[in-house]
Amino acid sequence: MSLFNSILTSFIIVATFWGLALFQGKIAHAIQPQKIIQEVQKEVKEPSIVNLTKAVKPESIDITGIRQQVELADIQLLWQKFNNSTKLHKHLKYQPKKVYVLYQKISKDYQQAEVTIGYDINEMTQFNKHYSIDISHNSVLLPENKYDKTQLSDAWEKINHQKIKEYVLEVHALNQQGETTTTQVFVSYQ
Amino acid sequence: MDFLTGIFSPDEIWGIEVWMNDWFFVLAIGFFIVECLRYAVKKEFTKNFLGDSIANFATLGLFIIILAIVGAAYAGVFLYIYDNFRVTELPLTGWTILCCIVLADLAYYWEHRFLHMNGFGWATHTVHHSSPHFNISVAYRHGPMDWFFPLFFHLPLAILGFHPFIIFLAEIIVQLFQTLLHTETVKKLPRPIETLFNTPSHHRVHHGTNKQYLDKNYAGIFIIWDKMFGTFAEEKEPVSYGVHPQLNSVNPLKVFFSGYAKLTSRLWHAPNWGYRWNLLTKSPTWAWQQEQNLKSSIK
Ligand SMILES: [Zn+2]
């Protein structure tokens, strides 16, 4: 091969492997759905009506991560703990698509809550504990969009204080680098 | 699949690099002792071999001193380019590492070919080639500017979005893979390996001064680059190692600076500026042939 052709070929090889690295998430997902289908089929074979309905229409999300009673002003500390949890991140199947922040047992003055930060268990290869979130009758506080911190905390003011709150749920969609692209906030009353 | 898709932290990757470099050195020393025993049995353990091996490790020591001085700047350039000029950001996964190893190996091929193709690059790379022996210690025989040229060939990877630590890891893997190729103890490996990978046999050819072996087999890990780009030669006749002209010294300082000393003297004695230009931009084989022609015309 001439020098010119060799260099040209090299650029094509670079583009190819760069592309492979760039679209690894999509490639992993392309492999993944088959697995899920197989799992669903397995579930269907078992004569369990509960499993069947679950597979058809998800009414709950199962997340795994860390849970702690915190002062809401110190939530950053829990995020740090979550981000440094190598044990959790090691068991991710791929770059996670969403991170969930669940606020429960919210105190009347909104100073404290039991907070869970975690990933959907479907994105994990392995997990210890998981928490189920009933999403069948929650209402949207903030529709999916890009928000800053103050916008997010302002959303809490839209909560109906007359009703008893079961949870507030933040769903952050993540890009390939794990940065939040958009957020949704839901509230669920008892 | 866990390794491919699990996410690493930059610290973890850095840890892997340090760990690999250190333990590989221990492994290489073990292998070198085996080689020494083999030469002793074959009664080829000569004074020159011993002196040459000591010089090899001495150049490694000198090289490490230089690295300690420029290492941070080297890493800094990568981080700066990555932070300011990357066009994408690739996640720190095993999959990314595998892609980066292939590309770093291709970058290494071109860098290595570049070092052989002009007097400027050859001045540092000649150190690695000037030993008349071929054993593991030669793998650690470095020239003073061996850290400099990889920069330009690997920097584009940072622009493409590979994290610098992943690039360094890939560079180290390409380097370590070659370390164990510097041996005469392994003749030929099974056919599929010889077809795909760089092997001791292929790399002996690279170190040869035999005419048909000159400027061949630049590969790091994958020999397919040479086969694709037409720089491959199969090991057939026994290889005679070294450079044209032979260095004939085991003095570590002479060995370490020989390339620059030679280049300076050639530039000094050059008949004209065109010749000087050619000394810098043409293959060192060209310079050697000119000198041979001159010698025979004087006779
Ligand atoms: Zn070389």
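Residues numbered from 1 in each chain as written. Chains lettered and ligands numbered in written order. Predicted model: local features only at pLDDT ≥ 70, side-chain atom pairs only at ≥ 80, totals over all residues. Heavy atoms only, no water.

Chain B goes by Sterol desaturase family protein in an unreviewed UniProt entry, where it is assigned to Colwellia demingiae. What UniProt states about chain B under its Subcellular location (unreviewed entry) heading is, verbatim, "Endomembrane system". (UniProt positions renumbered as here; feature names shortened; annotations may be inferred.)

Some thoughts on the overall build of chain A
Scanning chain A from terminus to terminus reveals six helices and seven strands. Each helix and strand of chain A, ordered N terminal to C terminal, gives the series α-α-α-β-α-α-β-β-β-β-α-β-β. Within chain A, buried positions represent 38% of all 190 residues. Look at the contacts in chain A between residues 6 or more apart in sequence, and 68% of them connect residues 24 or more apart. Element-wise, carbon and sulfur atoms account for 56% of the exposed surface of chain A, whose accessible area totals about 11800 Å². (Helix = DSSP H or I, 4+ residues; strand = E, 2+ residues; numbered from the N terminus. Buried < 20%, exposed > 50% of the residue type's maximum accessible area, 1.4 Å probe, protein only. Contact = heavy atoms within 4.5 Å. Areas by Shrake-Rupley, 256 points an atom, 1.4 Å probe, with all protein chains shown as cover.)

Brief notes about the coordination of the zinc ion
Residue and element names in this part refer to chain B. At this site the zinc ion is bound by His 112 (NE2), His 116 (NE2), His 125 (NE2), His 129 (NE2) and His 206 (NE2), with donor distances of 2.1 to 2.2 Å. For the zinc ion, the single-chain donor residues occur in sequence as H-x3-H-x8-H-x3-H-x76-H. Here His 206 lies in helix H10 (residues 200–206) and His 116 lies in helix H4 (residues 94–117), a separation of 90 residues in the sequence. A relative accessible area of 3% means that His 206 is categorised as buried. (Donors = N, O, S within 2.8 Å, 3.2 Å for Na, K, Ca; no water.)

A word on the pairing of strand E7 (residues 180–189) of chain A
Residues and elements named next belong to chain A. Where strand E5 (residues 139–145) meets E7, four bridges bridge the pair, whose relative direction is antiparallel. Each bridged residue has a counterpart across the sheet, and for Leu 142 the counterpart in E7 is Val 185. Summarising the sheet, strand E6 (residues 165–174) and E7 pair through nine bridges and their orientation is antiparallel. Among the inter-strand pairings, Val 168 is bridged to a residue of E7, identified as Val 187. Between E6 and E7, which pair antiparallel one after the other, the connecting turn spans five residues, and Gly 178 there sits at a positive phi close to 80°. (Pairing = 2+ DSSP bridges.)

Topic: the interface of chain A and chain B
Buried accessible area, meaning the area lost when the parts come together, often serves as the stated size of an interface. At the interface, 26 residues of chain A touch 26 residues of chain B. Across the interface of chain A and chain B, roughly 2300 Å² is buried in total on both sides, 69% from carbon and sulfur atoms. Taken as a group, Phe17(A), Trp18(A) and Gln24(A) account for 24% of the area that chain A buries against chain B, more than any other trio of residues on that side. Viewed at the interface, chain B and chain A are joined by three residue pairs in polar contact (both at pLDDT 80 or more). When contributions to the side of chain A that touches chain B are tallied by element, the ones reaching two or more residues are helix H1 (3–22), helix H2 (24–45) and helix H5 (86–90) of chain A. Sort the elements by how many residues they give to the side of chain A that touches chain B and H1(A) lands first, with twelve residues. A class-by-class count of the residues in the side of chain A that touches chain B yields 15 nonpolar, nine polar and two charged. (Buried area = accessible area lost by both parts, 1.4 Å probe. Polar contact = N/O pair within 3.5 Å; in protein donor to acceptor, adjacent residues only side chain to side chain. Nonpolar A, V, L, I, M, F, W, Y, C, P; charged D, E, K, R; others polar.)

Topic: the UniProt feature "transmembrane region" (unreviewed entry) in chain B
Residue and element names in this part refer to chain B. This chain's UniProt record puts "transmembrane region" (unreviewed entry) on residues 23–41, 53–80, 92–110 and 147–170. Taken end to end, residues 23–41 is 100% helix and 0% strand, and its two terminal C-alpha atoms sit 28 Å from one another. With 83% helix and 0% strand, residues 147–170 has its two end C-alpha atoms placed 15 Å apart.

Re the confidence of the model for chain B
The pLDDT averaged across chain B works out to 91; a share of 97% of its residues lies at or above 70. Here the predicted complex scores 0.69 on pTM and 0.88 on ipTM. (pLDDT = per-residue confidence, 0-100.)

So, the environment of Arg38(B)
Residues and elements named next belong to chain B. Structurally, Arg 38 can be placed in helix H2 (residues 10–41). The class for Arg 38 is partly exposed, based on a relative accessible area of 22%. Expressed as a C-alpha distance, the spacing of Arg 38 and Thr 185, which sit 147 residues apart in the sequence, is 8.2 Å. Excluding residues that lie within four positions of it along the chain, Arg 38 makes contacts with Glu 184, Thr 185 and Lys 187.

Considering H2(B)
Residues and elements named next belong to chain B. In this model H2 runs 47 Å from its N-terminal to its C-terminal C-alpha over 32 residues, within 8% of the 46 Å that 1.5 Å per residue would give. Among the residues of H2, Ile 13, Glu 17, Met 20, Phe 24, Ala 28, Phe 32, Glu 35, Cys 36 and Tyr 39 are the ones counted as buried. Turning to H2, the residues buried within the fold contact helix H3 (47–85), helix H6 (136–139) and helix H8 (164–179). (Expected span 1.5 Å × (residues − 1).)

Let's talk about the packing of H3(B) against helix H12 (residues 252–269) of chain B
All names here are of chain B. The contact between H3 and H12 brings their axes to 8 Å, and the two run at 60°. Where H3 crosses over H12, the two elements pack in a sense that is right-handed. On H12, the residues touching Ala 55, Ala 58, Thr 59, Leu 62, Phe 63 and Ile 66 of H3 are Pro 252, Leu 253, Val 255 and Phe 256. Here the contact of H3 with H12 is built from residues that sort into nine nonpolar, one polar and no charged. (Axes fitted to C-alpha atoms, helices over the stretch in contact; angles between N-to-C directions. Left-handed = near helix turned anticlockwise from the far one by under 90°.)

Re a nonpolar patch on the surface
All names here are of chain B. Taken together, the side chains of Phe 25, Ile 29, Ile 33 and Leu 37 define a hydrophobic patch exposed on the protein surface, amounting to about 340 Å² of accessible area. Mapped onto the fold, Ile 33 is located in helix H2. On the basis of relative accessible area, Ile 33 is assigned to the partly exposed category, the value being 48%. (Patch = residues over 30% accessible without salt bridge, like charges linked within 9 Å, V, L, I, M, F, W, Y side chains within 5 Å. Salt bridge = Lys/Arg side-chain N within 4 Å of Asp/Glu carboxyl O.)

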